[in-house]
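Next come the chains, spelled out residue by residue.
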Amino acid sequence: MSVLAAAAVSVACIDRGGYVFGELPPGATPVEGEALEARNAVYNESLNELTVNWRSTADPSIYKGVELSYTMLSGATKTVRMYANKNFPASYDKFSVLTVNPETVRYRCLWIDEEGNESTSEWASVDDLQIKRTTSNDIFAAYLPPKFKLVTDAGVSDQAASAYAGIVGKDTRSQEAYYTDLLIQVLSSMYYSTTDSGERPLSWLKCILGPMDLAGALAYVSGDSEGPLMKLDSGYLESIAKGNVNHDDAVFEIRGVLIHEFTHLVQKTVPYNNGDNMNYFSCIEGFADAVRCACGGVTDYNRRYVALNAGAYHDPNRTENGKYGPYVWQVPYGVSGYFMSWLRYYDGDFLRKLSQTMVSMQGDWSLENAVKYILGADADIQKLWDEYIEDVKAENAQ
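Description of the structure in this document. On a predicted model such as this, the values are computed, not experimentally measured, just so you know.

About the criteria used
- Residues numbered from 1 in each chain as written.
- Predicted model: local features only at pLDDT ≥ 70, side-chain atom pairs only at ≥ 80, totals over all residues.
- Heavy atoms only, no water.
- Helix = DSSP H or I, 4+ residues; strand = E, 2+ residues; numbered from the N terminus.
- Buried < 20%, exposed > 50% of the residue type's maximum accessible area, 1.4 Å probe, protein only.
- Contact = heavy atoms within 4.5 Å.
- Areas by Shrake-Rupley, 256 points an atom, 1.4 Å probe, with all protein chains shown as cover.
- Pairing = 2+ DSSP bridges.
- Axes fitted to C-alpha atoms, helices over the stretch in contact; angles between N-to-C directions.
- Parallel < 35°, antiparallel > 145°, perpendicular 65-115°, else oblique.
- Salt bridge = Lys/Arg side-chain N within 4 Å of Asp/Glu carboxyl O.
- Nonpolar A, V, L, I, M, F, W, Y, C, P; charged D, E, K, R; others polar.
- Core = buried A, V, L, I, M, F, W, Y, C linked by side-chain atoms within 4.5 Å.
- Expected span 1.5 Å × (residues − 1).
- Arc of directions from axis to C-beta.
- Polar contact = N/O pair within 3.5 Å; in protein donor to acceptor, adjacent residues only side chain to side chain.
- Phe/Tyr/Trp six-rings, centres within 6.5 Å; stacked < 30°, edge-to-face > 60°.
- Lys NZ or Arg CZ within 6 Å of the ring centre and 35° of its normal.

Before going further, it helps to spend a moment on the overall build of the chain. Helix and strand content of the chain: twelve helices and 15 strands. Within the span of the chain, comprising 398 residues, buried residues form 52% of the whole. At a minimum sequence separation of 6, the contacts of the chain that also span at least 24 residues come to 66%. By element, 46% of the accessible surface of the chain is carried by carbon and sulfur atoms, the whole surface being about 17,800 Å².

Shown next, in the form of structure tokens:
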């Protein structure tokens, strides 16, 4: 892309080969040294995330961001503005967006002059670039898994053990590979690479198959004298073996639950303040379900159902249990979590940046504050929530 010498004119986009998308206005010429070219486009098929990297860093004094048109996961077309943000310097080097079809992504640059006048480039198409397809496993190739300790409690039936082997793996190597892959999917949605996650963010993990000792749980994570542990309910596995639970549904559900639980092992957090933080549970449990959603661990039906039954945007009665505040985005698990995941339509790196805000904001963290920090001071979380619900309604009507 190119900044033009003429003020308040459309700006053409230029790819790495120098091809101009769209005609330059008469008399307009690129300013030497200020051309912004797309260096490459990378599509992570694991998370449906497209990243376009600029060949050179945009000038923060004149570059506002990009306007995008793309295909959502539902198949609908969406157009948004994605603003560069000085809180995240890398936003002047690239943009990322959630899309089911990277070839459909079109974009144009937003520029601003010294007088505050905005100009835009011609529309450019990602399809004109060479798209490199990759996966989370490729991006996290340097990841080192934890040392696993695999435990089967006494009393686990042969039926449950057989069902477990059919889902998680028949031998130690297969089981460790299953858990390692889930950890990589989780980390890839929260971090850019092992550069910021660390090569071995979790050094030890005991994985237990046994009777559930936490009411209503299929699995949970905790810790003992040896370190972090995950326990999976053998009773649920036995129900699968007996045919009481559909096998394919169970495979999907176990994967999703473990993605949620493994998120707790590596996620950032904010102060609990002895229960006086009304945003704590959306930060912890909401974020874990956001990761679960981003990693494809939630059915479309469940995702839509939770959104459409979330209730009023503001409801004072929500504060009665003392766990969270009156706003719908303070409600934990899927209510806030699926909304967080949807916000990747405004920034494909939203969850990664959200994780960073938990560290930088600490006790001042709320999803509302984080949204403004990530998407810009003018971002209105209520308008975004309303747009989210409208998107879900439109998808539900298809």
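The buried count for strand β4 (residues 49–54) comes to six of six residues, which makes it a mostly enclosed element. Side chains of β4 alternate between two faces, with E49, T51 and N53 and L50, V52 and W54 buried alike. Counted along the chain from strand β3 (residues 37–44) to the antiparallel partner β4, the turn is four residues long, and its residue N48 has a positive phi close to 60 degrees. Looking at chain direction, β4 and strand β7 (residues 94–98) are connected through five bridges and run antiparallel. Bridge pairing links E49 to L98 in β7.

Okay, the packing of helix α3 (residues 172–190) against helix α7 (residues 280–294) next. It is at 9 Å that the axes of α3 and α7 come closest, and there the two elements cross at 110 degrees. On the basis of their axis angle, the class for α3 and α7 is roughly perpendicular. Side by side, α3 and α7 meet where V186, S189 and M190 of the first sit next to F287, V291 and A294 of the second.

Applying the stated criterion across every chain yields a total of 25 salt bridges. Its salt-bridge partner being R352, residue E49 comes within 2.7 Å of it at the nearest N-O pair. Here the residue E49 occupies a position in strand β4, and R352 occupies one in helix α10 (residues 350–361), the gap between them amounting to 303 residues. In this pair, the class of E49 matches that of R352, namely buried. Across the pair K64 and E118 runs a salt bridge whose closest N-O atoms are separated by 2.8 Å. Residue K64 is located in strand β5 (residues 63–71), and its partner E118 is located in strand β9 (residues 118–120); the two are separated by 54 residues in the primary sequence. Looking at E118, the relative accessible area reads 32%, which means it is partly exposed. Several salt bridges converge on common partners, so that one network encompasses E49, K94, R344, D349 and R352.

Turning next to the packing of α3 against α10. Interaxial distance between α3 and α10 falls to 6 Å at its minimum, and their mutual angle equals 80 degrees. In this view, α3 runs roughly perpendicular relative to α10, as classed from their interaxial angle. Taking contact as the criterion, the partners of S188, S189 and M190 in α3 are, on α10, L351, R352 and S355. Among the residues forming the contact of α3 with α10, the class breakdown is two nonpolar, three polar and one charged.

Residue position: A41 is located in strand β3. Sequence spacing of A41 and F95 is 54 residues, and the spatial spacing of their C-alpha atoms is 9.8 Å. Contacts of A41, omitting those with residues within four sequence positions, involve L50, T51, V52, V126, L129, Q130, I131 and K132.

Looking now at the sheet that holds strand β13 (residues 204–210). Within the open sheet, the four strands sit side by side as β12-β13-β15-β14. Their pairing is mixed. Strands at the two margins of the open sheet, each flanked by one partner only, are β12 (147–152) and β14 (219–224). Ignoring strand direction, the axes of neighbouring strands in this sheet form an average angle of 25 degrees. Examined bridge by bridge, β12 and β13 share six bridges and lie parallel to one another. Its bridge partner being in β13, T152 is matched across the sheet by L209. Running at roughly 30 degrees to strand β15 (residues 227–233), helix α5 (residues 234–241) makes contact with β13 and β15 of the sheet. Helix α6 (residues 247–266) rests against β13, β14 and β15 of the sheet, and its axis sits at about 30 degrees to β14.

Here the focus is the nonpolar core. In terms of nonpolar packing, the biggest core is built from 113 residues, with L68, Y179, L237, I254, F339, L354 and L367 touching the most fellow members. Per-element accounting of this core gives the leading share, nine residues, to α7. The contact partners of L367, leaving out residues within four places of it in the chain, are W329, F339, M340, F350, L354 and I381.

Right, let's get into helix α12 (residues 381–396). Counted at 1.5 Å a residue, the expected span for α12 with its 16 residues is 22 Å, and the 22 Å between its end C-alpha atoms agrees. What α12 keeps buried is the set I381, L384, W385, Y388, I389, D391, V392 and E395. Looking straight down α12, one finds its buried side chains confined to an arc of 155 degrees; they lie on one side. Structurally, the start of α12 carries an N-cap: the backbone nitrogen of Q382 is 2.9 Å from a side-chain oxygen of D380.

Going through the model one piece at a time under the given rule, you end up with 21 aromatic pairs. On the numbers, 5.3 Å between centres and 90 degrees between planes, the contact of Y280 with F281 is edge-to-face. Accessibility assignment for this pair places Y280 and F281 in one class, buried. Cluster of aromatic residues (ring-pair linked, three or more members): Y70, F339, W342, Y345, Y346, W385 and Y388. Sitting over the ring of Y192, R352 keeps its end group 5.7 Å from the ring centre.

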